[in-house]
Amino acid sequence: MAAEANQLQQAQLAMVLGPDMSPFETLISSLMSSSNEQRFSAEVLFNLAKQTDPDTLALKLAHILQLSPHPEARAMSAVLLRKLLTRDDAYLWPRLSLSTQSSLKSSMLSCIQRDDTKSISKKICDTVSELASGILPENGWPELLPFVFQCVSSDSPKLQESAFLILAQLSQYVGETLTPHIKHLHGVFLQCLNCNVACSDVKIAALNAVISFIQCLSNSTERDRFQDVLPAMIRTLTESLNNGNEVTAQEALELLIELAGTEPRFLRRQIVDVVGSMLQIAEADSLEEGTRHLAIEFLITLAEARERAPGMVRKLPQFISRLFAVLMKMLVDIEDDPVWHSAVTEDEDAGETSNYSMAQECLDRLAISLGGNTIVPVAYEQFSSYLASPEWQKHHASLIALAQIAEGCSKIMIKNLEQVMSMVLSQFQSAHPRVRWAAINAIGQLSTDLGPDLQNQHHQRVLPALAAAMDDFQNPRVQAHAASAVLNFSENCTPEILVPYLDGIVSKLLVLLQNGKQMVQEGALTALASVADSSQEHFQKYYDAVMPYLKTILVSATDKSRRMLRAKSMECISLVGMAVGKDKFRDDARQVMEVLMSLQGSQMEADDPTTSYMLQAWARLCKCLGQDFLPYMSIVMPSLLQSAQLKPDVTITSADSEDEAEDSDDESMETIILGDKRIGIKTSVLEEKATACNMLCCYADELKEGFFPWIDQVAPTLVPLLKFYFHEEVRRAAVSAMPELLRSAKLAIEKGISQGRDLSYLKQLSDYIIPDMLEALHKEPDTEISVSMLEALNECLQISGNLLDEGKIRSIVDEIKQVMTASSSRKRERGERANAEDFDAEEGELIKEENEQEEEVFDQVGEILGTLVKTFKGSFLPYFEELSSYLTPMWGRDKTAEERRIAICIFDDVAEQCCDAALNLQ
């Protein structure tokens, strides 16, 4: 049978590649078929043709591209050619004969001249650009650039547009091959963008090309040659708007946003005009929302481009006050939707418009990027006029804006805390429930961002106000939010502050728990959990009143609509149990665990929040019960490992693909751009994975040697996650778990409960973990996580001790050199930022904070060296001498007191541990 099938396939192949074109045309249409079966067999045949006779295949595709009367067949062959000739697929170009290569190049260029279908033209330009990026640097296509330059200056708008599309892509892929033509390109761009008769499509393509080209230039002198093109670039945008062509204007804005993010300094000399034009667009009520939002995005992007152009926009007259006014006006765009008042959980955002949510996000970003000294004076001035207005929407807008800027302005707001609190608390008396809600919302956010100062100075005003809001039975949404704000307040609170208010708060929360509205019950549960967590053993007196209610909800909230309520009851029970301790909680704990065990065994839907809450509840129960929890581990671990091993649900598209618009609004997806790829990741999967990894770390930490039986499954799960770049929380958890796994193994071996394994097992485990930690440290993009990695590495070294062999020590020393070099180059870059022409005090403050993180890096390096010296004494000295050239500069006068202190401590350790052997360092 197989031989017959093979013969049949060979016969089909001979026909497809034979002189008659019709079987090949049939193959192309089968590749586009909606029938899976037909498409699959066509793909098999196509791949076979690719392997056996790539020359004929490529030439036949070129033939269809040039001559087929069917646009869809031409489009398909353009796509297939691109796959064949570029590096996406098995790269075929080098396998083709010289005559085929030559024929393909000329036929693609003639197709660009002949094909009038815009979408096909664009596909051919993509293929040409990608192929050229592989062969142009080696002079493999000398005809291409003369052809492109000829098209640019032709009379045909279609050819001009194609030429600019190719130039834009070549700038991205192989900019260095275009830079010798900088003078000619400058003239071309200037002429096209200044031309009054050029059509808008050509101008947008030219704008795209000039922006790509500016980005590929390696120095500012080259970029500055294009300063005279900038007014024409901005005019392309304003002309589109004046002609009512907002679609083109939006394309232009997206390109300019990219420029603002990557080359903000290019805009500096004309910044007043550029920003002025954007503010006018943002303020123009007559324009579409989408256009105005893009102009705002441009301005925010410019404000955020701190590292490349520090302080540049802070000095612009009126920039902050005009932009802030636009955002405040957008926040007023909210409707008083009856659904909001009916307090159905899903409709938290009822009445909010896209203007409103855009303004919220932008205020947050603006405050973080520009800081409190710049934002707060403007904000307070606008808030006071808004609060004097009779419209509830303006009061609401001020409170929402205050909450949004709190994180970025926290230092200044803490200095003016009295003024801030008076403003917020005065709104608790508002006649409008949405304003009261916004005031509570502000208290919640400020408790997080301005804590613990707010809690220490204003508890006697805030807690009674929140307690009173919990009595607002006419407005369940206000009640629920007041309970949630108690959570935020108590998270940054000492038991001493909280205890005097507990009687009142707990009794009110118990009343809300019995209230019919589910949303209010959920708020009450989270608040109770947080209050218990913050007051610890002081919560014991309420335990007997609270626990029966919690258990009732856990057992009875079983239907789908109440899943979240049940999940929150788990959270609350486990936190209350931890607060009151094992002796008080033991009997109830057994009953609760039985409910959790039966849930664990049941089939839960993928979107059920119970899973994540349950993972956390089990871990808290473990913390509370300690070694008494061991019998439950065999029930908990299988699903926990399964969650930790979840593969991220990732979709990868080209960064400029057309599908991006639909995905970008999907809140369950997070999008990151890596190079020319757009990566969409399902966030719920990542969150469950992160929770599970945190819980594994938690069990290892709590159970110590009791965790030993699980190490062989947990280590291979977590070690690869040290380099899990999709999610910081996953990496953090994996890092924290490494020393815990080694400690568990070491203690189990010392206590004789290691199932017959000895120190050779500990060495094997440490030899598995440490090289991966070093590799992860080498690639870690986040300085804060690097500090945690160094800290965890030091713990691992302390546990492994003398088990480390020479190879491991060598790689640790090499990595330390790398860490020190990377840290000093980051500091050098900050030094360059400090020399920028617009540098100011606000920027200096930010740089100081970033440099303090580098001190933490160095501190951990010092700890690691101390551990190695203590462990290996004099035999470590040869390595230490290698490192001394990295360490001695650290006590120079130009270093901070902290850096000098750490450097001296390191040499202290050596003198103390190595005694006579260290004399030559004296």
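Being a predicted model, the structure only gives us computed values, none of them experimental. (Residues numbered from 1 in each chain as written. Predicted model: local features only at pLDDT ≥ 70, side-chain atom pairs only at ≥ 80, totals over all residues. Heavy atoms only, no water.)

Enquirer: Please provide a residue-by-residue account of the packing of helix H7 (residues 118-135) against helix H9 (residues 157-178), values included.
Expert: Running from N to C, H7 and H9 cross one another at 35°; their axes reach a closest spacing of 9 Å. Between H7 and H9 the crossing geometry is right-handed. On H9, the residues that touch Lys-118, Ser-121, Lys-122, Cys-125, Asp-126, Val-128, Ser-129, Glu-130, Ala-132 and Ser-133 of H7 are Lys-158, Glu-161, Ser-162, Leu-165, Ile-166, Gln-169, Leu-170, Tyr-173 and Val-174. When the residues that make up the contact of H7 with H9 are grouped by side-chain class, the tally is 8 nonpolar, 5 polar and 6 charged. (Axes fitted to C-alpha atoms, helices over the stretch in contact; angles between N-to-C directions. Helix = DSSP H or I, 4+ residues; strand = E, 2+ residues; numbered from the N terminus. Left-handed = near helix turned anticlockwise from the far one by under 90°. Contact = heavy atoms within 4.5 Å. Nonpolar A, V, L, I, M, F, W, Y, C, P; charged D, E, K, R; others polar.)

Enquirer: Got a sec to walk through the pattern of salt bridges? Specific residues and values, please.
Expert: Counted by the stated rule, this structure contains 53 salt bridges. Between Asp-701 and Lys-704 there is a salt bridge; the shortest N-O distance is 3.3 Å. Glu-728 serves as the salt-bridge partner of Arg-732, at 3.6 Å between the closest nitrogen and oxygen. Of this pair, Arg-732 and Glu-728 both sit in helix H38 (residues 728-750), 4 residues apart, which is roughly one turn of the helix. What makes Arg-732 partly exposed here is its relative accessible area of 22%. Members of the salt-bridge network, linked through shared partners, are Arg-82, Lys-122, Asp-126 and Glu-130. (Salt bridge = Lys/Arg side-chain N within 4 Å of Asp/Glu carboxyl O. Buried < 20%, exposed > 50% of the residue type's maximum accessible area, 1.4 Å probe, protein only.)

Enquirer: Lay out the state of the cysteines with the relevant residues and their values.
Expert: Summed over all chains, the structure comprises 0 disulfides. With no disulfide of its own, Cys-125 lies closest to Cys-151 among cysteine sulfurs, the gap being 8.8 Å. Exposure remark for Cys-125: the relative accessible area of 1% places this residue in the buried category. Free cysteine Cys-409: the closest other cysteine sulfur is in Cys-362, separated by 15 Å. For Cys-409, a relative accessible area of 0% gives the class buried. (Disulfide = S-S within 2.5 Å.)

Enquirer: Describe the packing of aromatic side chains, with residues and values.
Expert: The geometry of an aromatic ring pair is captured by the separation of the ring centres together with the interplanar angle, meaning the angle of the planes. Enumeration over the complete set of coordinates arrives at 16 aromatic pairs. Ring plane angle 50° and centroid distance 6.3 Å describe the contact between Phe-189 and Phe-213, whose orientation is recorded as tilted. Remark: Phe-213 occurs in helix H11 (residues 200-216) and Phe-189 occurs in helix H10 (residues 182-194); sequence separation between them is 24 residues. Judged by relative accessible area, which is 1%, Phe-189 ranks as buried. (Phe/Tyr/Trp six-rings, centres within 6.5 Å; stacked < 30°, edge-to-face > 60°.)

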